[in-house]
Amino acid sequence: MSARILPPPPPLLTKPQFLLHVGKTMYSLFLLNFCPTLADIAGLDYNFIIVDMEHDHGGIFDALICHLSSQFHM
């Protein structure tokens, strides 16, 4: 059984770009509220989370809390 040789990644790729470069499928979630707990749980299974700021009561600060809770799982 031979090892699969991957092409070298271009320099300075982010993690999502690298995953796409090596042919992996990425999964995302469209979060319809500003709940940091849900963002934290979703961060375990998804590659990235989109926080919908248009259809919930909140602002940038609330969305940033969701981002900060999920960024440690990347």
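Above this note sits the structure.
These notes cover the structure that comes with them. (Residues numbered from 1 in each chain as written. Predicted model: local features only at pLDDT ≥ 70, side-chain atom pairs only at ≥ 80, totals over all residues. Heavy atoms only, no water.)

### Some details on the overall build of the chain
Line of reasoning, step 1. Of regular secondary structure, the chain possesses three helices and two strands.
Line of reasoning, step 2. Along its sequence from the N terminus, the chain presents helices and strands in the succession α-β-α-β-α.
Line of reasoning, step 3. Across the 74 residues in the chain, those meeting the buried criterion constitute 18%.
Line of reasoning, step 4. Restricting the contact set of the chain to residue pairs at least 6 apart, pairs at least 24 apart contribute 30%.
Line of reasoning, step 5. Summing over all exposed atoms, the chain offers an accessible surface of approximately 5900 Å²; the carbon and sulfur share of this is 65%. (Helix = DSSP H or I, 4+ residues; strand = E, 2+ residues; numbered from the N terminus. Buried < 20%, exposed > 50% of the residue type's maximum accessible area, 1.4 Å probe, protein only. Contact = heavy atoms within 4.5 Å. Areas by Shrake-Rupley, 256 points an atom, 1.4 Å probe, with all protein chains shown as cover.)

### Things to note about the pairing of strand β1 (residues 28-31)
Line of reasoning, step 1. As paired strands, β1 and strand β2 (residues 48-51) are joined by four bridges and run parallel to one another. Note that in β2 the partner of L29 across the bridge is I49.
Line of reasoning, step 2. Handedness of the crossover joining β1 and β2 through helix α2 (residues 36-45) is recorded here as right-handed. (Pairing = 2+ DSSP bridges. Right-handed = clockwise from strand over helix to strand, strands pointing away.)

### So, a nonpolar patch on the surface
Line of reasoning, step 1. Together, F30, L32, F48 and I50 line one region of the surface with nonpolar side chains, adding up to about 380 Å² of accessible area.
Line of reasoning, step 2. Tracing the backbone shows F30 in strand β1. (Patch = residues over 30% accessible without salt bridge, like charges linked within 9 Å, V, L, I, M, F, W, Y side chains within 5 Å. Salt bridge = Lys/Arg side-chain N within 4 Å of Asp/Glu carboxyl O.)

### Some words on the environment of H21
Line of reasoning, step 1. Checked against the element boundaries, H21 lands in helix α1 (residues 15-21).
Line of reasoning, step 2. By relative accessible area, H21 is classed as partly exposed at 32%.
Line of reasoning, step 3. Along the primary structure H21 and L6 are separated by 15 residues, whereas in three dimensions their C-alpha atoms are 9.5 Å apart.

### Brief notes about α2
Since there are 3.6 residues in each turn of an α-helix, residues three or four apart along the chain are aligned in direction.
Line of reasoning, step 1. Those residues of α2 lying buried are A39, A42 and G43. Within α2, the buried residues cover an arc of 110° as seen down the axis, which keeps them to one side. Pointing more than 90 degrees away from the buried face of α2 are the exposed residues L44 and D45. (Arc of directions from axis to C-beta.)

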